[in-house]
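# Residue-level structure breakdown
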Amino acid sequence: MAAHVDQYSARLLRQEKEIKILAAEVDRLKNFGCLEASPSLEGLRDENAKLKYRLNVLQKSLQEERNKPTKSMININSRLQEIFGNAIKAAYSDLENPPLAVTPSQQPKFGDYQCNSAMGISKMLLKTKEQKVGPREIAENISRNIPDNEYIEKIEIAGPGFINVHLRKDFVSKQLSSLLVNGVRPPAIEKRKKVVVDFSSPNIAKEMHVGHLRSTIIGDSMCRLFEFVGYDVLRLNHLGDWGTQFGMLIAHLQDKFPDYLTVSPPIGDLQAFYKESKRRFDTEEEFKKRAYQCVVLLQSKTPDFIKAWKLICDVSRKEFQKIYDCLDITLVERGESYYQDMMKDIVQEFEERGFVQVDDGRKIVFVPGCSVPLTIMKSDGGYTYDTSDLTALKQRLFEEKADIIIYVVDSGQSVHLQTVFAAGQMIGWYDPAVTRVVHAAFGVVLGEDKKKFKTRSGDTVRLIDLLEEGLKRSMDKLKDKERDKVLTAEELKAAQTSVAFGCIKYADLSHNRMNDYIFSFDKMLDDKGNTAAYLLYAFTRIRSIARLANIDEEMLQQAAKEKEIILDHEKEWKLGKCIVRFPEILQKILDDLLLHTLCDYLYELATTFTEFYDNCYCVEKDRQTGIIVKVNMWRMLLCEATAAVMAKGFDILGIKPVQKM
């Protein structure tokens, strides 16, 4: 409904502009003695009146919808943007697309949110209307057009024209109560979209290494966020499971395990198997010829060769699955082989549209604005990664009917993917204004020497070794803190896994994915600063407050329904406002796909909670006996709301907290 309101508002603004132009023309004609009314002007005025009526009806309906009780959390920033957007339209109806900027305030003295549109509007009036109006006067004009509402307590104009917004405490208190009664719910979405996320994507017959870690962790977290807000998400693993390398692998399999068709070959170390076959391919001419023959027979789908290919793929899959199980990752496998039969049609489509040029036997496609052409067929008639990626893009657009497609692939693939996307637009597969196709690029993992993360011998770090090292160090850390003396064996094991894998994920996600980051177990396991170790300890501490006060979940639920959450103390108010910002944090990540924003928010929430807990007694005890004499239940509810939001934040990041640590 909000989209319809925007649509009618835009039409109304366009028509009012046309009416002004026509009215000016009529006035000019009247001055020359042509006194007849303009039929087009009268027609526009009639339609304009109807549009205004329809817009008012829609705005009232939207407001009624908004006022209905809802279980969804409210994105306060977007509601304030609507209020200020309408006020700006009312104050400056003749301006087209005036700037709208509403952001959380950086300091309490500037209120809770700030609208900084006045400066931009002042420049716009000078540029388009040649009107010199001071930003402060504009801010006052905007403020006069803000109606009474449930969100804003008061508005102040500061400095050259900043509009400081103070939220109503009763509104924030109600949002906190709703959160506790209904759970942490996503903000309402207008349309359930189909989202395809392409991530992880290791190569068959090669082990997953630290380079796959970022794509796997970032992609999984993006999927979790889109799933939480209610989108239909397809988690795709675009495996490298096809290509010329399978020729040498199958030829080596035939030599090493000649009875592979009847007896399952005991390939223990596929990486070593791959290296052996590669060495033979590079040094034995006869083997090389056989390898090429094997590729031809595989591509022509000869049954024995398909079976050999499947055997090799299955060995890899089992190894990959061990890592996915450790990290709690679910994926739908759809490797390059899935698209093989569709590639012929893709080449034909580009040829029929006149986009193909032949260059030294290759079929290439030049895409406007892209420096390197796409090779869609090699001179020997074989297909390439370009063909495979174009085919996958079309399948996701037309068969999956995706509204959003995200490729979580390293920054090194940026030029290639942008060229593939541009080719898709050029041939008319999608309109970027309607369908969002995006490369969520990420930097490389560095060692503490700030060079590419390698083992001491210079090899790529195997991902399974990294995870096992994380488990070992996590247990060492817990034992250093003597947690093995207070936790049961089961609790200690759960804490070990939570800390190990939580720290590895958080260390990655807490950095801007566009940047390289330094992998350091010491830093990620540090329980001070913005780390998973600190947040997990903070979470278990918050959860323990109610438990130690003998307050169970049922009592908290009952209190949430009956008691008002008081926000009189400055630290209560600060914590309350921080908790209800959660939906706008999620919205920002849905827009820019930068997950470190959620990590920064969780760290801010944890430190804000510490300030609150240090200054506001939740449980009051007798100083001599230590017996509980008073429980401030509204503060216990603030503890519970903090823990609930932290738990959902952890869930989106793929981190599993524990109740005891």
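The text that follows walks through the structure, step by step, so that each part is easy to find. (Residues numbered from 1 in each chain as written. Predicted model: local features only at pLDDT ≥ 70, side-chain atom pairs only at ≥ 80, totals over all residues. Heavy atoms only, no water.)

### Here we look at the overall build of the protein chain
- Scanning the protein chain for helices and strands turns up 23 helices and 16 strands.
- The buried share of the protein chain, reckoned over its 661 residues, is 49%.
- The contacts in the protein chain between residues at least 6 apart in sequence include a share of 73% that link residues at least 24 apart.
- Accessible surface, the protein chain: about 33200 Å² in total, of which carbon and sulfur atoms supply 50%. (Helix = DSSP H or I, 4+ residues; strand = E, 2+ residues; numbered from the N terminus. Buried < 20%, exposed > 50% of the residue type's maximum accessible area, 1.4 Å probe, protein only. Contact = heavy atoms within 4.5 Å. Areas by Shrake-Rupley, 256 points an atom, 1.4 Å probe, with all protein chains shown as cover.)

### Focus: the pattern of salt bridges
- Within this structure, the stated rule accounts for 43 salt bridges.
- A salt bridge links Asp170 to Arg168, with the shortest nitrogen-to-oxygen separation between them at 2.8 Å.
- The residue Glu604 makes a salt bridge to Arg581 at a minimum N-O spacing of 3.0 Å. A residue pair is termed long-range when its members are at least 10 positions apart, and Glu604 in helix α22 (residues 596-615) and Arg581 in the loop between α20 (570-579) and α21 (582-592) qualify at 23 residues. (Salt bridge = Lys/Arg side-chain N within 4 Å of Asp/Glu carboxyl O.)

### Examining the sheet that holds strand β10 (residues 374-377)
- Strands sit in the order β8-β9-β10 across an open sheet of 3 strands; the sheet is antiparallel. Two strands lie at the open edges of the sheet, namely β8 (356-359) and β10, each paired on one side alone. The sheet shows a mean angle of 45 degrees between the axes of neighbouring strands, direction not considered.
- Pairing of β8 with strand β9 (residues 362-365), which is carried by 4 bridges, proceeds in the antiparallel orientation. The partner of Val358 across the bridge, within β9, is Lys363. (Pairing = 2+ DSSP bridges. Axes fitted to C-alpha atoms, helices over the stretch in contact; angles between N-to-C directions.)

### Concerning the pairing of strand β16 (residues 628-631)
- One ladder, built from 3 bridges, connects strand β15 (residues 619-621) with β16; its direction is antiparallel. Opposite Val619, over in β16, you have Val631 as the bridge partner.
- If you look at the hairpin formed by β15 and β16, you'll find 6 residues sitting between the two strands, and Gly626 has a positive phi there, around 80 degrees.

### Side note on helix α12 (residues 343-352)
- Turning to α12, its buried residues number three or more, namely Met343, Ile346, Val347, Glu349 and Phe350. All buried residues of α12 lie within an arc of 160 degrees about the axis, which places them on one face of the element. Exposed positions of α12 whose direction lies more than 90 degrees from the buried face are Lys344 and Glu352.
- Contacts from the buried residues of α12 go to β8, β9, β10, α13 (385-398) and α14 (414-426).
- Directly beyond the C-terminal end of α12, a positive phi value near 80 degrees is found at Gly354. (Arc of directions from axis to C-beta.)

### Structural notes on the packing of aromatic side chains
- In total, this model carries 15 aromatic pairs according to the counting rule given.
- Geometrically, the ring pair formed by Phe281 and Tyr292 is edge-to-face, given 5.8 Å between the ring centres and 75 degrees between the ring planes. Taken as a pair, Phe281 in helix α9 (residues 270-283) and Tyr292 in helix α10 (residues 285-299) lie far apart in primary sequence, 11 residues in all.
- On the basis of relative accessible area, Phe281 is assigned to the buried category, the value being 16%.
- The exposure class assigned to Tyr292 is partly exposed, which follows from its relative accessible area of 46%.
- A centroid spacing of 5.6 Å and a plane angle of 55 degrees characterise the contact between Phe609 and Phe612, whose relative ring orientation is tilted. Residue Phe609 and its partner Phe612 are located together in helix α22, separated by 3 residues, close to a single helical turn. (Phe/Tyr/Trp six-rings, centres within 6.5 Å; stacked < 30°, edge-to-face > 60°.)

### Thoughts on unusual backbone geometry
- For Ser200, which is not glycine, the phi dihedral falls at a positive 75 degrees.
- For Ser200, the location among the structural elements is in the loop between β5 (194-198) and α7 (210-228).
- With a relative accessible area of 4%, Ser200 lands in the buried category.

### Examining the side chain of Thr531
- Along the chain, the position of Thr531 falls in the loop between α17 (521-524) and α18 (532-548).
- For Thr531, the side chain forms a polar contact with the main-chain oxygen of Asp526, separated by 2.6 Å.
- For Thr531, the contacting residues outside a window of four places in its chain are Tyr506, Lys523, Met524 and Asp526. (Polar contact = N/O pair within 3.5 Å; in protein donor to acceptor, adjacent residues only side chain to side chain.)

### What about the environment of Asn550?
- The topology assignment puts Asn550 in the loop between α18 and α19 (553-562).
- Classification of Asn550 as exposed rests on a relative accessible area of 65%.

### So, the sheet that holds strand β4 (residues 162-167)
- With antiparallel pairing, the 4 strands of this open sheet are ordered in space as β1-β2-β4-β3. Strand pairing shows two members of the sheet lacking a second neighbour, β1 (102-104) and β3 (152-158), which therefore form its edges. Each strand of the sheet is rotated relative to its neighbour by a mean of 25 degrees, with strand direction disregarded.

### Topic: the environment of Thr103
- Considering the arrangement of structural elements, one finds Thr103 in strand β1.
- On the accessibility criterion, Thr103 (36% relative accessible area) is partly exposed.
- Each C-alpha atom, one on Thr103 and one on Leu80, is 9.3 Å from the other, the two residues being 23 residues apart in sequence.
- Non-local contacts of Thr103, meaning those with residues more than four positions away in its chain, are made with Asn77, Tyr113, Gln114 and Asn116.

### Here's the deal with the packing of helix α6 (residues 169-182) against helix α23 (residues 633-653)
- Two elements in contact, α6 and α23, have axes separated by 10 Å at closest approach and are oriented at 65 degrees. Two packed elements cross with a definite hand, and for α6 against α23 that hand is left-handed. The segment α6 lies against α23, with Leu176, Leu179 and Leu180 engaging Leu637, Leu638, Glu640, Ala641, Ala644 and Val645.
- Taken together, the residues of the contact of α6 with α23 sort by class into 8 nonpolar, no polar and 1 charged. (Left-handed = near helix turned anticlockwise from the far one by under 90°. Nonpolar A, V, L, I, M, F, W, Y, C, P; charged D, E, K, R; others polar.)

### Focus: the nonpolar core
- Counting 171 residues, the largest nonpolar core has Leu213, Ile406, Phe519, Leu598 and Met636 as the members making the most contacts within it.
- No other element matches the 13 residues that α23 contributes to this core. (Core = buried A, V, L, I, M, F, W, Y, C linked by side-chain atoms within 4.5 Å.)

### A word on the pairing of β9
- Hairpin geometry of β8 and β9 is characterised by an intervening segment of 2 residues between the two adjacent antiparallel strands and by a positive phi of about 55 degrees at Asp360.
- Bridging between β9 and β10 involves 3 bridges; their strand directions are antiparallel. Its bridge partner being in β10, Lys363 is matched across the sheet by Met377.

### Things to note about the packing of helix α16 (residues 489-509) against α18
- Contact geometry for α16 and α18: axes closest at 8 Å, N-to-C directions at 130 degrees. Judged on the interaxial angle alone, α18 and α16 are oblique. Residues Ser498, Val499, Gly502, Cys503 and Tyr506 of α16 lie in contact with α18, whose contacting residues are Ala532, Ala533, Leu535 and Leu536.
- Taken together, the residues of the contact of α16 with α18 break down into 7 nonpolar, 2 polar and no charged. (Parallel < 35°, antiparallel > 145°, perpendicular 65-115°, else oblique.)

As far as function goes, none of this settles anything; it's purely spatial.
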